[in-house]
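Tertiary structure, described
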Amino acid sequence: VTTSTTGSITCSRCTAGGLTLSGGGILGGGSGSITLYNLTLDGASATTTVSTSLTVQKDVSVGANRTLSLGAQSLDVGGSGVTNSGGISVTGTLSQSASGTTTVKSSSAGAATVGGSGTITFYNLSFLPDVASAPTFTLGAAASQAITVSNVLTVGNGTNAVTVTAETNDPT
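Residue indices follow the written sequence of each chain, beginning from 1 at its first position. Selection of residues for local features in this predicted model requires a pLDDT of at least 70, selection of side-chain atom pairs for listing and counting requires 80 or more, and totals for whole chains, interfaces and linings are taken over all residues. Water and hydrogen atoms were dropped before computing side-chain values, which therefore reflect all heavy atoms in the structure.

Broken down by element type, the protein chain carries zero helices and 17 strands. For the exposure calls, accessible area comes from a 1.4 Å probe over protein chains only, and a residue counts as buried if that area is under 20% of its type's maximum, exposed if over 50%, partly exposed in between. Among the 172 residues that make up the protein chain, the fraction classed as buried is 42%. When contacts within the protein chain are restricted to residue pairs at least 6 apart in sequence, long-range pairs at least 24 apart make up 62% of them. Accessible areas in this description were obtained via Shrake-Rupley with a 1.4 Å probe; residue shielding takes into account the shown protein chains only. Accessible area of the protein chain: about 7,400 Å², with a carbon and sulfur share of 48%. Secondary structure is summarised from DSSP: a helix means a run of H or I of at least four residues, a strand means a run of E of at least two, and numbering begins at the N terminus for each. Whether two residues are in contact is decided by their heavy atoms, any of which lying within 4.5 Å being enough.

It is worth spelling out the sheet that holds strand 10 (residues 88-90) at this point. Pairing between two strands requires that DSSP report at least two bridges joining them. The sheet built from seven strands is open, its strands ordered 1-4-7-10-13-15-17 with parallel pairing. The sheet is open, and its two edges are formed by strand 1 (19-21) and strand 17 (163-165), each paired on a single side. Each strand axis lies, on average, 15° off the axis of its neighbour in the sheet, ignoring direction. Strand direction decides the pairing type here: strand 15 (residues 136-139) and strand 17, joined by three bridges, are parallel. From the neighbouring strand, Thr-138 faces strand 17, where its bridge partner is Thr-165. Note on definitions: angles span 0 to 180 degrees between N-to-C directions of axes, and those axes are lines fitted to C-alpha atoms, for helices only across the stretch in contact.

Moving on to the pattern of salt bridges. Just to be clear on terms, a salt bridge is a Lys or Arg side-chain nitrogen sitting within 4 Å of an Asp or Glu carboxyl oxygen. Scanning the entire structure with this criterion turns up one salt bridge. Salt-bridge contacts for Asp-59 lead to Lys-58; the nearest nitrogen and oxygen are separated by 3.6 Å. A relative accessible area of 22% places Asp-59 in the partly exposed class.

Attention now moves to the pairing of strand 12 (residues 101-104). Here three bridges tie strand 9 (residues 75-77) to strand 12, and the two strands are oriented parallel to one another. Bridge assignment links Asp-76 to a residue of strand 12, and that residue is Thr-103. Sheet topology places strand 12 next to strand 14 (residues 119-127); four bridges connect them, and they run parallel. Note on strand 14: the bridge partner recorded for Thr-101 is Asn-124.

Right, let's get into the nonpolar core. Working definition of a nonpolar core: buried Ala, Val, Leu, Ile, Met, Phe, Trp, Tyr and Cys residues. They are joined through side-chain atoms within 4.5 Å. Grouped together as the largest cluster of nonpolar side chains are 29 residues, with contacts concentrated most on Leu-54, Leu-68, Ile-88, Leu-94 and Phe-122. The greatest single-element share of this core, amounting to four residues, is contributed by strand 14.

On the secondary structure map, Ala-98 appears in the loop between strand 11 (93-96) and strand 12. According to the relative accessible area criterion, Ala-98 is partly exposed, its value standing at 47%. C-alpha of Ala-98 to C-alpha of Phe-122: the two residues are 24 residues apart in sequence and 8.9 Å apart in space. Once residues lying within four places of it in the same chain are set aside, the contact partners of Ala-98 are Ala-72 and Tyr-123.

Another aspect to go through is the confidence of the model for the protein chain. What pLDDT conveys is the predictor's confidence in a given residue, as a value from 0 to 100. For the protein chain, the mean per-residue pLDDT works out to 82, and 83% of the residues sit at or above 70. Here residues 1-7 scores under 50 on pLDDT; set against residues more than four positions off or in separate chains, the count is 22 contacts.

This part covers unusual backbone geometry. For Asn-65, which is not glycine, the phi dihedral falls at a positive 65°. By secondary structure assignment, the location of Asn-65 is in the loop between strand 7 (60-62) and strand 8 (66-71). Phi at Ser-99 is positive, roughly 80°, even though this residue is not glycine. Mapped onto the elements of the fold, Ser-99 is located in the loop between strand 11 and strand 12.

Mapped onto the secondary structure, Ser-150 falls in strand 16 (residues 147-155). In this structure Ser-150 comes out as partly exposed when scored by relative accessible area, which is 46%.

Here's what the structure looks like:
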(Lines give C-alpha, C1' and ligand atoms only; values in the text may rest on other atoms or scores of the structure.)
Protein backbone atom coordinates (compact mmCIF):
# COMPACT_ATOMS: atom_id res chain seq x y z
CA VAL A 1 0.00 0.00 0.00
CA THR A 2 1.37 3.38 -0.94
CA THR A 3 -0.56 6.55 -0.29
CA SER A 4 0.44 10.07 -1.18
CA THR A 5 -1.52 13.06 -0.06
CA THR A 6 -1.13 16.71 0.71
CA GLY A 7 -4.48 16.65 2.48
CA SER A 8 -5.59 14.16 5.11
CA ILE A 9 -7.03 10.66 5.11
CA THR A 10 -9.49 10.65 8.00
CA CYS A 11 -11.95 8.22 9.50
CA SER A 12 -12.96 10.48 12.38
CA ARG A 13 -16.49 9.11 12.77
CA CYS A 14 -15.58 5.43 12.48
CA THR A 15 -16.83 3.19 15.26
CA ALA A 16 -15.54 -0.17 14.06
CA GLY A 17 -13.33 -1.77 11.46
CA GLY A 18 -10.08 -0.27 10.34
CA LEU A 19 -7.20 -0.94 8.00
CA THR A 20 -5.60 -4.38 7.71
CA LEU A 21 -2.39 -4.59 5.69
CA SER A 22 -1.13 -8.00 4.60
CA GLY A 23 1.74 -6.71 2.47
CA GLY A 24 4.50 -4.17 2.91
CA GLY A 25 4.91 -0.68 1.53
CA ILE A 26 4.63 2.95 2.52
CA LEU A 27 1.69 4.35 4.48
CA GLY A 28 1.52 8.10 3.89
CA GLY A 29 3.86 10.14 1.80
CA GLY A 30 2.55 13.66 1.56
CA SER A 31 2.27 16.54 3.98
CA GLY A 32 -1.10 15.43 5.34
CA SER A 33 -2.01 13.03 8.13
CA ILE A 34 -3.80 9.69 8.44
CA THR A 35 -6.52 8.84 10.98
CA LEU A 36 -7.83 5.27 11.25
CA TYR A 37 -10.02 3.37 13.71
CA ASN A 38 -7.78 0.25 14.00
CA LEU A 39 -4.50 -0.63 12.28
CA THR A 40 -3.51 -4.29 11.85
CA LEU A 41 -0.44 -5.65 10.08
CA ASP A 42 -0.62 -9.37 9.35
CA GLY A 43 0.32 -11.91 6.70
CA ALA A 44 3.73 -12.80 5.34
CA SER A 45 7.00 -11.18 6.37
CA ALA A 46 6.93 -7.53 5.25
CA THR A 47 7.70 -4.00 6.41
CA THR A 48 5.22 -1.12 6.44
CA THR A 49 6.91 2.28 6.67
CA VAL A 50 4.88 5.23 7.95
CA SER A 51 5.84 8.49 6.27
CA THR A 52 3.29 10.93 7.73
CA SER A 53 1.75 11.45 11.18
CA LEU A 54 -0.64 8.64 12.08
CA THR A 55 -3.58 8.56 14.50
CA VAL A 56 -5.25 5.26 15.39
CA GLN A 57 -8.43 5.78 17.40
CA LYS A 58 -8.54 2.32 19.01
CA ASP A 59 -5.65 -0.17 18.74
CA VAL A 60 -2.52 -1.07 16.75
CA SER A 61 -1.59 -4.72 16.13
CA VAL A 62 1.66 -5.82 14.48
CA GLY A 63 1.66 -9.54 13.65
CA ALA A 64 4.50 -12.06 13.66
CA ASN A 65 7.18 -11.48 11.01
CA ARG A 66 5.76 -8.00 10.35
CA THR A 67 7.51 -4.67 10.94
CA LEU A 68 5.88 -1.30 11.53
CA SER A 69 8.60 1.30 10.93
CA LEU A 70 7.51 4.70 12.19
CA GLY A 71 10.81 6.40 11.43
CA ALA A 72 10.64 9.92 12.88
CA GLN A 73 6.84 10.08 12.47
CA SER A 74 4.46 10.52 15.40
CA LEU A 75 1.87 7.92 16.34
CA ASP A 76 -1.19 8.70 18.49
CA VAL A 77 -3.14 5.67 19.71
CA GLY A 78 -6.48 5.74 21.55
CA GLY A 79 -8.79 8.49 22.72
CA SER A 80 -11.57 9.43 25.10
CA GLY A 81 -14.37 8.49 22.72
CA VAL A 82 -13.30 4.85 22.21
CA THR A 83 -13.76 2.44 25.15
CA ASN A 84 -10.55 0.77 26.37
CA SER A 85 -8.57 2.17 23.47
CA GLY A 86 -4.84 2.73 23.31
CA GLY A 87 -3.61 -0.82 22.96
CA ILE A 88 -0.43 -1.64 21.06
CA SER A 89 0.12 -5.37 20.50
CA VAL A 90 3.36 -6.44 18.81
CA THR A 91 4.45 -9.98 17.97
CA GLY A 92 6.65 -8.71 15.14
CA THR A 93 8.62 -5.44 15.33
CA LEU A 94 7.63 -1.83 15.99
CA SER A 95 10.39 0.78 15.67
CA GLN A 96 10.55 4.55 15.94
CA SER A 97 13.66 6.65 15.40
CA ALA A 98 14.91 10.04 16.57
CA SER A 99 12.35 12.83 17.03
CA GLY A 100 9.26 10.60 16.75
CA THR A 101 6.75 10.46 19.60
CA THR A 102 4.15 7.81 20.36
CA THR A 103 1.28 9.05 22.53
CA VAL A 104 -1.01 6.48 24.11
CA LYS A 105 -4.41 7.56 25.45
CA SER A 106 -7.42 5.67 26.74
CA SER A 107 -11.08 6.27 27.38
CA SER A 108 -12.72 7.39 30.58
CA ALA A 109 -11.40 5.05 33.31
CA GLY A 110 -10.22 2.80 30.49
CA ALA A 111 -7.41 0.28 30.34
CA ALA A 112 -4.90 -0.48 27.60
CA THR A 113 -1.83 -2.68 27.17
CA VAL A 114 1.38 -1.91 25.32
CA GLY A 115 3.33 -5.10 24.68
CA GLY A 116 3.45 -8.49 23.05
CA SER A 117 6.17 -11.02 22.35
CA GLY A 118 7.82 -8.87 19.67
CA THR A 119 10.46 -6.15 19.64
CA ILE A 120 9.24 -2.67 20.57
CA THR A 121 11.35 0.50 20.33
CA PHE A 122 9.95 3.99 20.83
CA TYR A 123 11.94 7.21 20.63
CA ASN A 124 9.57 9.16 22.91
CA LEU A 125 6.64 7.45 24.63
CA SER A 126 3.84 9.32 26.44
CA PHE A 127 0.96 7.88 28.46
CA LEU A 128 -1.61 10.64 28.76
CA PRO A 129 -5.12 10.76 30.17
CA ASP A 130 -7.48 12.13 27.54
CA VAL A 131 -9.95 13.20 30.24
CA ALA A 132 -9.93 13.44 34.04
CA SER A 133 -10.71 9.76 34.52
CA ALA A 134 -7.52 7.96 35.64
CA PRO A 135 -6.94 5.41 32.86
CA THR A 136 -4.62 2.44 33.53
CA PHE A 137 -1.92 1.37 31.07
CA THR A 138 -0.12 -1.97 31.36
CA LEU A 139 3.38 -2.42 29.96
CA GLY A 140 4.21 -5.88 28.74
CA ALA A 141 1.80 -8.49 27.50
CA ALA A 142 4.33 -11.33 27.70
CA ALA A 143 6.92 -12.41 30.26
CA SER A 144 10.50 -11.21 29.74
CA GLN A 145 9.50 -8.72 27.06
CA ALA A 146 11.74 -5.75 26.30
CA ILE A 147 10.15 -2.37 25.61
CA THR A 148 12.75 0.24 24.73
CA VAL A 149 12.27 4.00 25.03
CA SER A 150 15.36 5.65 23.55
CA ASN A 151 14.72 9.20 24.74
CA VAL A 152 11.83 10.42 26.96
CA LEU A 153 9.11 8.46 28.80
CA THR A 154 6.23 10.70 29.93
CA VAL A 155 3.54 9.49 32.35
CA GLY A 156 0.59 11.85 32.88
CA ASN A 157 -0.09 15.44 31.90
CA GLY A 158 0.45 17.17 35.25
CA THR A 159 -3.29 17.63 35.79
CA ASN A 160 -5.18 14.34 35.49
CA ALA A 161 -4.29 11.02 37.12
CA VAL A 162 -2.91 8.10 35.12
CA THR A 163 -1.53 4.72 36.18
CA VAL A 164 1.17 2.81 34.31
CA THR A 165 2.01 -0.65 35.63
CA ALA A 166 4.63 -3.17 34.54
CA GLU A 167 4.19 -5.55 37.45
CA THR A 168 2.26 -8.37 35.78
CA ASN A 169 4.82 -9.47 33.18
CA ASP A 170 7.91 -7.53 34.33
CA PRO A 171 9.10 -6.17 30.98
CA THR A 172 12.64 -4.82 30.90
